[in-house]
Amino acid sequence: MSDADGFGLTRRNVLRTAGAATVAAALGGCLSSDSPATDPTENDEFAYGNCWMCHHACGQQLTVRDGTAVDITGVDEHPRGSAGPGTQGTLCPKGQAELEKLYDPDRITQPYIREDGELREAEWDEAIAYTAERLEAFADDHGPEKLLDATSWSTTNFHEHFWRDLYGTPERIGRGRHVCFGGPHLSGNLMGLGANMRFVDYQNSEYIIAWGRNIFESFAGQWEPKGVLEAIENGATLVVIDPQHTPTAQKADHWLPIEPRTDGALALAMGHVIIEEGLYDEAFVEEQTHGFEAYREAVAEKTPEWAAEITGLEADLIREIAIDFAESAPAAGIALWTGVGQYAESQKAAQNVFALNGLVGNIDRPGGFRMWQGPPFSDPFDVRDIDLPNNAEGTPPALRRYEEYEEYPFRHTTGIGHTVVPEMVENGHLMGLYCHYDNPLTDGSTEAWLEAIETMDLVITVDAYWNELTRNADVVFPEAIQLEKDTLIDYAPAWSAYHDRRWVSASKAVHEPLGNARPGFEILTDLAEAMGWGEYVPWESEAEYNEDMLANIDYSFEEIAEENFVLLEEFGYEQWEENGFPTATGQFQFDLDEEDGYAQTAEELEIDTAPEWIPPGTWGDEPDEEYPLQFYDTRSVFFSFGADQPLEQLQEQYARKHGLEGEEYRGNYLVMNPRDADERGIETGDMLTVETQAGEADEPVMAYVSERTRPGFVTAEFGFGTGNSQEEGMNTMSVHDTQHDPVSSQVDRHLAAEVRTAGGE
Ligand SMILES: Nc1nc2c(c(=O)[nH]1)N[C@H]1C(S)=C(S)[C@@H](COP(=O)(O)OP(=O)(O)OC[C@H]3O[C@@H](n4cnc5c(=O)[nH]c(N)nc54)[C@H](O)[C@@H]3O)O[C@H]1N2
Ligand SMILES: Nc1nc2c(c(=O)[nH]1)N[C@H]1C(S)=C(S)[C@@H](COP(=O)(O)OP(=O)(O)OC[C@H]3O[C@@H](n4cnc5c(=O)[nH]c(N)nc54)[C@H](O)[C@@H]3O)O[C@H]1N2
Ligand code: SF4
Ligand SMILES: [Mo]
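Residues numbered from 1 in each chain as written. Chains lettered and ligands numbered in written order. Predicted model: local features only at pLDDT ≥ 70, side-chain atom pairs only at ≥ 80, totals over all residues. Heavy atoms only, no water.

**Q** Explanation requested: the domain arrangement of the protein in the structure shown.
**A** Frequently, the measure chosen for interface size is the accessible area removed from exposure when the parts meet. By the assigned domains, the protein splits into domain 1 (31-102), domain 2 (112-172 + 376-492 + 501-570), domain 3 (182-371 + 588-605) and domain 4 (629-757). Taken together, the contacts link 25 residues of domain 1 with 25 residues of domain 2. A combined buried area of about 2200 Å² lies between domain 1 and domain 2, and 66% of that area is made up of carbon and sulfur atoms. Of all residues in domain 1, Tyr 48, Trp 52 and Leu 102 give up the largest surface area on contact with domain 2, accounting jointly for 34% of the area buried on that side. (Domains from an automatic or database assignment. Contact = heavy atoms within 4.5 Å. Buried area = accessible area lost by both parts, 1.4 Å probe.)

Here you go:
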């Protein structure tokens, strides 16, 4: 990893000067500085990183002085951090805070193992040997299939080979399918759009719908909002469909403050109008799609007036948006992710929205829905001709093996779901957990998960901070953060500011890990060695593994890391002409395939395989007299999931944004509309208790009264309270039960709730 000077630095004589910054200026205070925080000196050295704060890899340039990184900024023209050729690279507030994380004294920097009920520090050799022994005993006692691999945000795919092929467990819980956007993930895949469907070909677009997306907050100042701003400058229309008046809504031509969870109705009505007005792409529908008749039937009665009643939007506005969208197509696109991804009816809602793409024929056409192409990475095991044993073969997941789970229709589609894990532990079907960069206590019912963690025989975590998961584990491995690792970006590498170019980005460690922290890759390869699988693991380092991933690419890891990113070959539009769609019919599917597990799931739930309106409350919570509010947890520009709340710089910025920096409190804020606040006598700064049918929240939360949310909709940032590394504030999932989408297993985060002053009645 290290050069002669002890640091894996990439020397750069010239700092690329800031490029065209017009769009950057419009992005306001969300950008990194152009110049180092302190005056540059002659001995300064520069290194690159790939931001892993939200894992979307924006290029980072670090100024290193006397072995310490003193400044962090963006990399010009980077696919993720800039607006493309000739533009400045920047970082959002979280990205800038990675510098604080690099030296954060609160990080876990030593391995720990549990002895006589207490966690105690251990040396690496001891911790690895102990874990290997425990894993072997676990396999003997329970069978390897009872261990759940919950790895998120690993920098390689090595963990999948380790747990499935070597250790032999079929149980793996993943982000996209289970806690991030399960509904759209499932619909997108089955309809032929793939799971990679969240970003529009912005620069060429004339009409952009941010459908339950808060682009200017979730990727503040980065490639995506820059692309949207460029489109707006070129005259594009931006429509935002969101119950909150977000920073994205502030930039929009139309903000549609939709009644939560009614997106499916709005989409059907838009389809109705587009067909009625004869604005759909007949040639595309005829040649490239399957199930159009079923779709036509599904929308036949779904007028804008019908949808207006349900969504709370004006019928005329629905008609206008539908017509303008279709008339702008194919240069019209929909960006959709968590807003239509995290509720109990989200699979159907997403299916209804995605159908609009097939209808107007915007798929993989300029300005529309882009089918992004990632680099042609290789699997290092194939490159080295390693014959892996495939030890999980023939062991179906427990969800399909045991009748206890017959009530879960999603067992045919996505398999294991986040909300079903605690029950599987109770039934003795899961008894161990390997948790890497993931905290299930913040993703869904905290109480159920805490119990599950206590019941399990073996809990191994790879983490950077103390929280109720790490404190309750049997083994805690301290992981090096991305700036301390050699990293090749292979996570969802496609979409970027370059709409027609593949690209690849990489960086070398800026310096040694803090304390005794180590890269996750090395933890697993050492475990493999200790468990007698050394012959399958010939790589000395993550960089070597990365080199094998690049076997089909003309650049070496070193060469890419030297430049931070390289652009690869171009790819054209209308790739379906040549390749078809990745479905059984080879066509875009309005109606989901009858041959796959979906049909079984649909039959059990008595729903259609075609688009259909499923009203809120069919499966999830519905507000009532006792719990009249709809509570939803949000992300803010300052934190990545539940990961980075301990960083003081971010806590301060977050408090300041709410004008509450004068308070001692550094927890999250419960945002509520003045109407709801007045009814309850609540003012900004009051401490509140949130209650749902699952009970009262773990901790009080501070009120923030604002028009920014619509009446009836109350929100709080997740990642605070019990179970998190920032304990002050409320853990939003402490009021979660086990609500989920029964089709996709996605956790439902819209909860019927009531709010009152803490300590009051
Ligand atoms: N309540 C609620 N939960 C959600 C969501 C939501 O909207 N609301 N969104 C969901 C979505 S979209 C996603 S993608 C997931 C993501 O959620 P997860 O995959 O669970 O990721 P994080 O919450 O970032 O992971 C938190 C854990 O990572 C640890 N950590 C922080 N830094 C590091 C590091 O550098 N290395 C390692 N090894 N560990 C580190 C933290 O201490 C913490 O224990 O969250 C989901 N969970
Ligand atoms: N700052 C920050 N950035 C992040 C992350 C982070 O944690 N922090 N996480 C990253 C990850 S993993 C993800 S998945 C992306 C997510 O990226 P986005 O999907 O852009 O992010 P969100 O902020 O979750 O936006 C969801 C929006 O949906 C709205 N919404 C809620 N309910 C409904 C509904 O029923 N219908 C509609 N139409 N809208 C609704 C919410 O009000 C919210 O504004 O962000 C990524 N970027
Ligand atoms: S959007 Fe922000 S946090 Fe995410 S990778 Fe880019 S700079 Fe980092
Ligand atoms: Mo996500």
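Past the structure itself, the notes keep going.
**Q** I'm lost on empty space enclosed by the protein in this one. Help?
**A** Any empty space left between the atoms is revealed when a probe the size of a water molecule rolls over them. Evaluation of the coordinates by the stated rule reveals five cavities of 30 Å³ or more. By volume, the largest cavity is sized at about 90 Å³. Looking at the largest cavity, it is lined by 13 residues, and the ones nearest its centre are Cys 51, Cys 54, Cys 58, Cys 92 and Gln 222. Along the lines of polarity and charge, the residues of the lining of the largest cavity split into eight nonpolar, four polar and one charged. Two domains each provide a minimum of three residues to the lining of the largest cavity, namely domain 1 (31-102) and domain 3 (182-371 + 588-605). Empty space within the second largest cavity amounts to approximately 70 Å³. Ser 154, Thr 155, Thr 156, Phe 158, His 159, His 436, Glu 479, Gly 520, Phe 521, Leu 524 and Glu 542 are the residues that line the second largest cavity. Contributing elements (two or more residues each) for the lining of the second largest cavity: helix H5 (158-167) and helix H22 (520-530). (1 Å grid on protein atoms, 1.4 Å probe; cavity = no way out; pocket = protein on both sides within 12 Å on 5 of 7 lines; lining within 4 Å. Points joined across faces, edges and corners; volume = space filled by probe spheres on them. Nonpolar A, V, L, I, M, F, W, Y, C, P; charged D, E, K, R; others polar. Helix = DSSP H or I, 4+ residues; strand = E, 2+ residues; numbered from the N terminus.)

**Q** Can you walk me through the site of ligand 2 in this structure?
**A** Surveying the vicinity of ligand 2 reveals 31 residues, the closest of which are Asp 242, Thr 338, Ser 636, Phe 639 and Phe 641. Between a nitrogen atom of ligand 2 and a side-chain N or O atom of Lys 94, the distance comes to 3.1 Å. Taking Arg 213, its side chain carries an N or O atom lying 2.9 Å from an oxygen atom of ligand 2. Look at ligand 2: alone it shows 920 Å² of surface, and the protein chains cover 98% of it. Here the shell around ligand 2 is composed, by residue class, of 14 nonpolar, ten polar and seven charged. In terms of domain composition, the shell around ligand 2 takes at least three residues from each of domain 3 (182-371 + 588-605) and domain 4 (629-757). (Near = heavy atom within 4 Å. Polar contact = N/O pair within 3.5 Å; in protein donor to acceptor, adjacent residues only side chain to side chain. Areas by Shrake-Rupley, 256 points an atom, 1.4 Å probe, with all protein chains shown as cover.)

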